[in-house]
Amino acid sequence: MSLSQTVPPADPAADARPAAATSSSSVTSLLQDISTIGRDTSRGGYSRPVFSTAEMDLRNWFIEQAGRRGLDVATDHNGIIWAWWDTSAGTRRDAVVTGSHLDSVPGGGEYDGPLGVASALAAVDILKARGLRPRRPLAIAVFPEEEGSRFGVACLGSRLLTGQLDPDKARRLKDPDGDTFADVAAANGQDPRLIGADYRTLQQLGVFVELHVEQGRGLVDLNQPVAVGSSILGHGRWKLSISGQGNHAGTTLMADRKDPMIAAAKIMVNIRDTARKYRDARATVGRVQPVPGGTNVIASRVDLWIDVRHPDDSVTAALVEAIGLNAQVFAAEEGCGASLTMESLSPTVHFDGGLRDRLKELLPGAPVLDTGAGHDAGVLASHIPTAMLFVRNPTGISHSPDELVEDWDAEAGAVALADALAGLMGEARAIG
Ligand code: GLV
Ligand code: MN
Ligand code: MN
C-alpha cells in the first residue's frame, strides 16, 4: 500500500467556489440542537430507530445544517445522505469522506453516531475558517440503520451501497411490529425497488474517515483525547427460536409443561459459560421475546437474539456452533425444540495500513486503538481505504445513557478530524 504524494493545499485564490456564509458551530452546540430529539423517557437515553420520527427529524436537521454550509446535499436510493463540498474542478472523484450515523440502539447514549456527524459539520467550519481550498472534494455521509436496531441487520445502508446485502433480503426484513423494510422505506419517501449496490457512488469515494465516541476506556487509561483506529472485532447476530407448548399458567401442572422460557433461561446461562471458554470471545443475549408474552401464559415460543464477537472468525463460527448444539440439548430437556439462524456476519476488519499511518502523521501523539464495536467504516473497508478516530469517553460505557464525551474532548475531536481531512484533501490522489 503506497502513500500518496502529499502537497500543500492549493492557492485559496484559485478556488472558484466561495465558502458559503456561515458562522462556525462547536460540536457541543450542534449536539445541543438535537438533544431533545428521540429522548426515551421510559428507558432513559435516546431511542432513534431508522425511519422513526426522531431519526427523520435528525436527518432533516443534518440536511438543513449541511445546506447552511453551502454543501450540496442529496439522499441516495439506499437512504444514505451525502453532503458534498466540491472542489473547483467540479468532478466528484477520489473524495475524502467523513460522517457516521444518526440512528441509535434502544435507550442508547447521546454520542454513538451523532458525535461523528456533528464533528464532520464542525470540521467543515474549521476548514473554511482556515481558508482551506481542497484539491479533493469532501463529502459527509450519514448512514441509515447502522445499529440494526429496527430491522436486525447492522450497517444496512453501507451494506446495500457496497452490495454486501441482497436487496431482496433487505426488502423482506421485518421490524419488531412485523412491518417490512420495503413498506417502511416506502412510507418514508424511499423507493424500495431502487435499493442495492451503487457503484457509481462508490467510484466517487477515495477514503472514509469516521469519527466515533470510544466505546471503552482505552483513551481514559492513556490520558489522551483522540485515538486512531486500527481494527474492528469480527461480529455477527443470530436468532434462536425455542418452541414449546403454549398453555395456561394456572391449570398446567409443573410436571406437564413444555415451557420454552425455562429452556431459554438455561440456554442463556450456557451461552455465557460457553463464551468464557474461548479467550477474547464475547457473547451477549440482549433481546428476548416470549410469544405471546402474557403474565398468566406459558409461552409457546421464545425468540432470543445472540451477538457473538471474536477477532478470529473461525473461533466465532466454532463458538456459535457450540451454542447451537447446547441449545438443542437444553431445549430437549424441557420438551422443546430450538433452531438457530444467522442474521448478519461482519468479519474482523483491519483498517488500511497506509491511511492509518498517514493519520498518525497528521495527528502526532494520537495512540492507535482497536474496537469491539461495529461501524460503517468496517463495511466500506472492502471497497476503499477506511479509518476511524475515537474520542475519549470518560465512563467507558456505550449503548447506554451513561455514554459520555466531555465538551472539550468533543471539540478536540473536531479539530483532529479537521486536521486529518485537511491533510488528506491536500493530497494529489488517494491513498491505496
Ligand atoms: C454497533 O454499535 C455494534 O457494534 O453493534
Ligand atoms: Mn452503536
Ligand atoms: Mn456507532
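Everything in this summary refers to the structure shown in the same document. (Residues numbered from 1 in each chain as written. Chains lettered and ligands numbered in written order. Predicted model: local features only at pLDDT ≥ 70, side-chain atom pairs only at ≥ 80, totals over all residues. Heavy atoms only, no water.)

Another aspect to go through is helix α11 (residues 353-362). Every buried residue of α11 is listed here: Gly354, Leu355, Arg358, Leu359 and Leu362. End-on, the buried residues of α11 take up no more than an arc of 135°, which puts them together on one face. The secondary structure elements touched by the buried residues of α11 are β5 (205-213), β6 (226-232), β15 (386-391) and α13 (407-425). Among the residues of α11, the N-terminal cap falls to aspartate 352, whose side-chain oxygen and the backbone nitrogen of glycine 354 are separated by 3.1 Å. (Buried < 20%, exposed > 50% of the residue type's maximum accessible area, 1.4 Å probe, protein only. Helix = DSSP H or I, 4+ residues; strand = E, 2+ residues; numbered from the N terminus. Arc of directions from axis to C-beta. Contact = heavy atoms within 4.5 Å. Polar contact = N/O pair within 3.5 Å; in protein donor to acceptor, adjacent residues only side chain to side chain.)

Let's shift gears to helix α10 (residues 313-333). Turn by turn, an α-helix covers 3.6 residues, leaving residues three or four places apart pointing in a common direction. Here α10 contains 21 residues, and its C-alpha end-to-end distance of 31 Å stays within 8% of the 30 Å for a straight helix at 1.5 Å per residue. Within α10, burial applies to Val315, Thr316, Leu319, Val320, Ala322, Ile323, Gly324, Ala327 and Ala331. Packing partners of the buried residues in α10 comprise β7 (234-243), α9 (260-276), β11 (301-310) and β12 (337-346). Two residues or fewer after α10 comes glycine 335, characterised by a positive phi angle close to 70°. (Expected span 1.5 Å × (residues − 1).)

Let's shift gears to empty space enclosed by the protein. For the structure on display, the rule yields one cavity of 30 Å³ or more. Here the largest cavity defines a volume of roughly 30 Å³. Taken together, Val50, Phe51, Asn78, Pro144, Glu145, Leu156, Gly157, Leu160, Phe181 and Gln190 form the lining of the largest cavity. At three residues, the largest contribution of residues to the lining of the largest cavity is made by helix α4 (residues 156-161). (1 Å grid on protein atoms, 1.4 Å probe; cavity = no way out; pocket = protein on both sides within 12 Å on 5 of 7 lines; lining within 4 Å. Points joined across faces, edges and corners; volume = space filled by probe spheres on them.)

Further remarks concern the coordination of the manganese ion (ligand 2). At this site the manganese ion (ligand 2) is bound by Asp112 (OD), Glu147 (OE), Glu147 (OE) and His399 (NE2), with donor distances of 2.1 to 2.7 Å. Along the chain, the residues donating to the manganese ion (ligand 2) are arranged with the sequence spacing D-x34-E-x251-H. Between the two metals, the manganese ion (ligand 2) and the manganese ion (ligand 3), the spacing is 3.6 Å, and aspartate 112 donates to both. Of this pair, glutamate 147 sits in the loop between β4 (138-143) and α4 while histidine 399 sits in the loop between β15 and α13; the two residues are 252 residues apart in sequence, bridging distant segments of the chain. Look at glutamate 147 and you get buried, because its relative accessible area is 6%. Histidine 399 gets classed as partly exposed once you look at its relative accessible area, which sits at 40%. (Donors = N, O, S within 2.8 Å, 3.2 Å for Na, K, Ca; no water.)

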